[in-house]
Amino acid sequence: MSKVGEFEELRPLLFSIAYRILGSVSEAEDAVQETWLRYDGSATLPTSVKAFLSTTVTRVSIDVLRSARVRREEYVGPWFPEPLLSDPYQDPARSAELADSVSMAALLLLERLSPLERSVFVLREVFGFGFDDIASAAGRSEAACRQLLVRARRHMRAGRPRFDADRQEREELARRFFDALREGDLVGLRDLLAADVQMVGDGGGKAPQLARAVVGAENVARLLASVFPLLARIDVTFEAHEVNAQPGAVFRDRDGKVLHTLALDVLDGQIQAIRSVINPDKLGHLGPVADAWGINEEVKQARRGLK
């Protein structure tokens, strides 16, 4: 197989590694492209192409993450990963780990780790790499990588439990949620929300966003039941879609441009968190982006028209 063919065969894996380390679609794609340039420019053929490319994309991603940490500390409002609608890498033997690790909640937990802890955790726990390959990728000894993994596991366990394993139950709950959302059904929404549910938005200062997290089933249900009927009046639509391997939706304006995504964190048969990404810089990979400020003004006008 040619170099190009070998690389393209492994591209889904490389992107999936980079995205979990970086939490950014655009940065992950750049890391994969840089990996190709290094591979194409290498004069010698590696013994294992997979090991070489995985090592390279991990090292590139660690360097990018270290520089990105400064930008994220200065970010306006809550920072969420760029929404991912489908993971290009599939492995039936590790499907549970892959889905769990790409969720918004898991990626936010990974943000608590150092770049090295994060990369070791991703390579070992998600993709099942051996410690010899992990040590090469991290530039540390196998013993040091084992210690990094111990610390990473401790941080991840202290965060939150795993999601419900029953995919069908989650999908049914999401269907009921979005049906209630379409209808502005306050009671229907409230019944699906955990008592301490949180709704949080990521606008990055570049789009309208909640001033703070909305907490509690009553408060969240009232907000949803009041806002989304107004969006419908100005022809904003949404389609149910997995977002980061969890139930969610993509919202679009009347021209079909992406307004924002919504992801539901489901546990114990209830919605524990609702996360919205409306920062236009994080939506471009999904298609043309809507004018969120313009939509916000239209919503205000629609609200005044009801008074």
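Residues numbered from 1 in each chain as written. Predicted model: local features only at pLDDT ≥ 70, side-chain atom pairs only at ≥ 80, totals over all residues. Heavy atoms only, no water.

Draft legend 1. Geometry of the pattern of salt bridges. Enumeration according to the criterion identifies 22 salt bridges in this entry. Among the ionic pairs, Arg 72 bridges to Glu 111, the shortest N-O distance being 2.5 Å. Note that Arg 72 is positioned in helix 3 (residues 49-73) and Glu 111 in the loop between helix 5 (104-110) and helix 6 (115-126), a separation of 39 residues in sequence. Residues Arg 72 and Glu 111 agree in their burial class; the two are buried. Where Asp 202 meets Lys 282, a salt bridge forms, and the shortest distance between an N and an O atom there is 2.6 Å. Here Asp 202 is found in strand 1 (residues 193-202), whereas its partner Lys 282 is found in the loop between strand 6 (270-277) and helix 12 (292-306), with 80 residues between them in sequence. Each of the two residues, Asp 202 as well as Lys 282, counts as buried. Residues joined by salt bridges that share partners form a network here, namely Glu 27, Arg 71, Arg 72, Glu 111 and Arg 118. (Salt bridge = Lys/Arg side-chain N within 4 Å of Asp/Glu carboxyl O. Helix = DSSP H or I, 4+ residues; strand = E, 2+ residues; numbered from the N terminus. Buried < 20%, exposed > 50% of the residue type's maximum accessible area, 1.4 Å probe, protein only.)

Draft legend 2. Broad picture of the packing of helix 3 against helix 6. Look at helix 3 against helix 6: their axes get within 9 Å of each other, and the N-to-C directions meet at 135°. Looking at the two axes, helix 3 sits oblique to helix 6. Handedness of the helix 3/helix 6 crossing: right-handed. Touching Thr 58, Ile 62, Leu 65, Arg 66, Arg 69 and Arg 72 of helix 3 are Pro 115, Leu 116, Arg 118, Ser 119 and Leu 123, all from helix 6. When grouped by side-chain class, the residues that make up the contact of helix 3 with helix 6 number 5 nonpolar, 2 polar and 4 charged. (Axes fitted to C-alpha atoms, helices over the stretch in contact; angles between N-to-C directions. Parallel < 35°, antiparallel > 145°, perpendicular 65-115°, else oblique. Left-handed = near helix turned anticlockwise from the far one by under 90°. Contact = heavy atoms within 4.5 Å. Nonpolar A, V, L, I, M, F, W, Y, C, P; charged D, E, K, R; others polar.)

Draft legend 3. Examining the nonpolar core more closely. Counting 49 residues, the largest nonpolar core has Ile 17, Tyr 19 and Phe 127 as the members making the most contacts within it. Taken together, the elements giving at least two residues each to this core come down to helix 1 (3-22), helix 2 (25-40), helix 3, helix 4 (95-102), helix 5, helix 6, helix 7 (131-138) and helix 8 (142-157). Ranked by residues supplied to this core, first place goes to helix 1 with 10 residues. In terms of nonpolar packing, the next biggest core, distinct from the first, is built from 38 residues, Leu 189, Val 197, Ile 271 and Val 299 among them. (Core = buried A, V, L, I, M, F, W, Y, C linked by side-chain atoms within 4.5 Å.)

Draft legend 4. A look at unusual backbone geometry. Residue Asn 244 is not a glycine yet carries a positive backbone phi of 55°. Among the structural elements, Asn 244 can be located in the loop between strand 3 (237-240) and strand 4 (248-252). Of note, Asp 268 is a non-glycine position whose phi angle comes to about 55°, a positive value. Summarising the element assignment, Asp 268 is placed in the loop between strand 5 (258-267) and strand 6. Asp 268 gets classed as exposed once you look at its relative accessible area, which sits at 63%.

Draft legend 5. Broad picture of the sheet that holds strand 5. With mixed pairing, the 6 strands of this open sheet are ordered in space as 2-1-6-5-4-3. What marks the edges here is a single partner per strand, and that holds for strand 2 (214-215) and strand 3. Pairing analysis gives 2 bridges linking strand 1 to strand 2, with the strands arranged antiparallel. Of the residues in strand 2, the one forming a bridge with Gln 198 is Val 215. (Pairing = 2+ DSSP bridges.)

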